[in-house]
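Structural overview for review
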Amino acid sequence: MTEMTITHELISAGIVGSGGEFIATLPGEEATGKLTYVTRGDVLVAEHTLVPSSIGGRGVAAALVEALVAHARAENLKIDPQCSYVAEAFERHPDWADLLA
């Protein structure tokens, strides 16, 4: 897997709700990958995984989902994989089934 840094930013949108995003940066690249979610109680609803083609094929999307999973485990949260990429990742990782909302 390519060297990258993943950060987690919380977003509070007031009346709309709250959520966050995991952001992947790669050395020497301006483009970033993102996985966005909204929070509904103790469930993280994974909405979108976006990886620009300029940084595609380097494991960015997979690393973003792994960061989401690690966060959910650490905080005792569940995940609702509304994003098709996240849903496919859960199919490839039956060991994550306990996190499904």
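Before any of the text, the structure's been laid out above.
Quick caveat: nothing in here was measured; it's all calculated off a predicted structure. Residue indices begin from 1 for each chain and proceed along its sequence in written order. Totals for whole chains, interfaces and linings use all residues, but because this is a predicted model, local features are given only for residues with pLDDT of at least 70 and pairs of side-chain atoms are given and counted only at 80 or more. Heavy atoms from the whole structure form the basis of all side-chain values; hydrogens and water molecules are not counted.

Taken together, the 5 strands give an open sheet; going across it, the order is β1-β2-β3-β4-β5, and neighbouring strands pair in mixed fashion. One side of each edge strand has no neighbouring strand; the edge strands of this open sheet are β1 (5-12) and β5 (78-81). Along the sheet, successive strands turn relative to each other by an average axial angle of 25°, direction set aside. Relative to strand β3 (residues 32-40), helix α1 (residues 60-75) is tilted by about 30°, and along the sheet it contacts β1, β2 (18-25), β3, β4 (43-50) and β5. Working rule for contacts: check all heavy atoms of both residues, and any pair within 4.5 Å makes them a contact. Only the stretch in contact is used when a helix axis is fitted, and all axes are lines through C-alpha atoms; the angle between N-to-C directions ranges over 0 to 180 degrees. Helix and strand assignments follow DSSP, with helices taken as H or I runs no shorter than four residues and strands as E runs no shorter than two, numbered in order from the N terminus. Lying on the sheet, helix α2 (residues 84-92) is in contact with β3, β4 and β5; it crosses β5 at an angle near 120°. Here, strands pair whenever DSSP counts at least two bridges between them.

Further remarks concern the pattern of salt bridges. Salt bridges, as used here, are contacts in which a Lys or Arg side-chain nitrogen is within 4 Å of a carboxyl oxygen on Asp or Glu. This structure, assessed with the given rule, holds 3 salt bridges. As a salt-bridge pair, Arg73 and Asp98 come within 2.7 Å of each other at their nearest N and O atoms. In this pair, Arg73 is assigned in helix α1 and Asp98 in the segment after α2, connecting sequence segments 25 residues apart. The classification of residues rests on relative accessible area computed with a 1.4 Å probe and restricted to protein chains. Under 20% of the type maximum is buried, over 50% is exposed, and intermediate values are partly exposed. For Arg73, a relative accessible area of 36% puts it in the partly exposed group. By relative accessible area, Asp98 is classed as partly exposed at 41%.

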